[in-house]
Amino acid sequence: MSLSDILGTAKKLENAIFLPKLDAYLDSLNEKEWEDKTSRKHDTGLHPSQISGCLRRAVFSKLGAEIITTPDRKPLRVHPKSRRIFDNGSYLHERMQKYFKDMGLLLGTWECKSCGSVSPTRQIEEDLFENEGLTYKEEGWVFYNKYKLYDIFKVMVPVPKSCPYCGGTHFTYAEVPIYVPEQEVEGRTDGIAYLGKDYLKDIRNRNFEDFYILEFKSENSFKFQKHSSAHQVHINQAAIYSFGTGFMVDKIAVIYEDKNTQEIKEYIVQVTKEMQEEVLRRIKILNHSLRTKELPKDKMKSECTYCPHKIVCDSELTYEQIENRVLNIRLGKEVSDENFDLGGDMLW
Ligand code: SF4
Ligand SMILES: [Zn+2]
């Protein structure tokens, strides 16, 4: 066989086999998400990303308004390439969390890679709360996502040496849950970093000087090169995580990564009284809107370009009309779209 025959064979094998499958798989996720959205009965609490951005968008998102924005009830589609870009941004968190874990700086909850158990060890919980009148749960690792304000400190522990159940020594970071039932706020920080020597002592003494809330963000080079301080929306978001600690952890490290070049930037932000007030103001507006069924008036124009609710936002639909349309679609009823041009089917 001549060299050109061999190269000819090799050339044929270069044809993509897996990429079409991958594209089809990524595209199929649109259908799945659509099903989840249309079958979802109601959203859970307010998430920090919702509270920190456009408040109209937050309300639309809680209402599930995106399901009324296609005329023939097809899912709004995210292109496979866009999805890969978004997912790559999401994995930044895992990567950075691993780096911070390996540096010994992370506090939080941990998942044993061998048996899947999650949470701090019983010993740590006993140590921390033995004199504070809190009940220690004999059955073992506690249900961490139902904690109230300040109880967040129960779930801030360094990576365990070994799993008390199976002896496993490999853990992944399960992040730090924030839950404020009075305001229905819930979410997860990207991490809590600790630079001090004795975190239990510091928590007991309410000394949070050495604690930092971490925020990891990825963005394209164009955006990355333009700023010399953290984006306001990210500062707002981190301030809400600070709220989840009763504003006791009030320093935030916002770390940006350039998706194109892997350059990084860090901004340390101190949560001020004004920022605290802004967080509370936003939560109040959202809760008021959800209670009175009135859409917030202020539009955050900087977020409009990629907003999935733009069509609904620009329409004349009221809160209750949107709510009814969503409900009818979820119940499988016909919805009349007269006077409402709902646009095409490709979102990005
Ligand atoms: S289109 Fe703009 S103003 Fe309207 S909800 Fe979206 S981000 Fe907010
Ligand atoms: Zn285990």
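A few points on the structure. (Residues numbered from 1 in each chain as written. Chains lettered and ligands numbered in written order. Predicted model: local features only at pLDDT ≥ 70, side-chain atom pairs only at ≥ 80, totals over all residues. Heavy atoms only, no water.)

**Points about the overall build of the chain**
In plain terms, the rule: Only DSSP runs of H or I reaching four residues or more are called helices, and only runs of E reaching two or more are called strands; each is numbered from the N terminus. Relative accessible area decides the class of each residue, using a 1.4 Å probe on protein chains only: under 20% of the type maximum gives buried, over 50% gives exposed, and in between gives partly exposed. Whether two residues are in contact is decided by their heavy atoms, any of which lying within 4.5 Å being enough. To measure how exposed things are, a 1.4 Å probe is used in the Shrake-Rupley method; for residues, cover is taken only from the protein chains shown.
Of the regular secondary structure elements, the chain holds twelve helices and nine strands. When the 348 residues of the chain are sorted by exposure, 43% land in the buried category. Considering only contacts within the chain whose residues lie at least 6 apart along the sequence, 72% involve residues at least 24 apart. Total accessible area on the chain is roughly 19,700 Å²; 52% of this is exposed by carbon and sulfur atoms.

**Quick notes on helix α4 (residues 55-63)**
In terms of burial, α4 is a largely internal element, seven of the nine residues being buried. Here α4 has its buried residues at Leu-55, Arg-56, Ala-58, Val-59, Phe-60, Lys-62 and Leu-63. In this structure, the buried residues of α4 make contact with α3 (48-52), α10 (273-292), α11 (310-314) and α12 (319-330).

**Describing the packing of aromatic side chains**
Convention followed: Stacked, tilted and edge-to-face pairs are distinguished by plane angle, under 30 degrees for stacked and over 60 for edge-to-face with tilted covering the rest, among Phe, Tyr and Trp rings (Trp via its six-membered ring) whose centres lie within 6.5 Å. Any Lys NZ or Arg CZ that is within 6 Å of a ring centre and within 35 degrees of that ring's normal is treated as a charge sitting over the ring.
Counted under the stated rule, the structure contains seven aromatic pairs. Their ring planes at 50° and their centres at 4.7 Å tell us that Tyr-194 and Phe-211 sit as a pair that is tilted. Linking Tyr-194 in strand β6 (residues 191-194) with Phe-211 in strand β7 (residues 211-219), this pair joins segments that are 17 residues apart in sequence. As far as burial versus exposure is concerned, Tyr-194 and Phe-211 are alike and both buried. Put simply, the rings of Tyr-194, Tyr-199, Phe-208 and Phe-211 touch in pairs and so form one group of aromatic residues. One residue, Lys-251, lies across the ring of Tyr-212, its end atom 5.1 Å from the ring centre.

**Side note on unusual backbone geometry**
Leaving glycine out, the prevailing phi sign among residues is negative, and the prevailing peptide bond configuration is trans. With a phi close to 60°, Phe-247 is a non-glycine residue in the positive phi region. Among the residues examined, Phe-247 registers a relative accessible area of 14% and is labelled buried. Positive phi, normally seen in glycine, also occurs at Lys-293, with a value near 60°. Relative to the helices and strands, Lys-293 is located in the loop between α10 and α11. Since its relative accessible area comes to 31%, Lys-293 is described here as partly exposed.

Read these as geometric descriptors, not functional statements.
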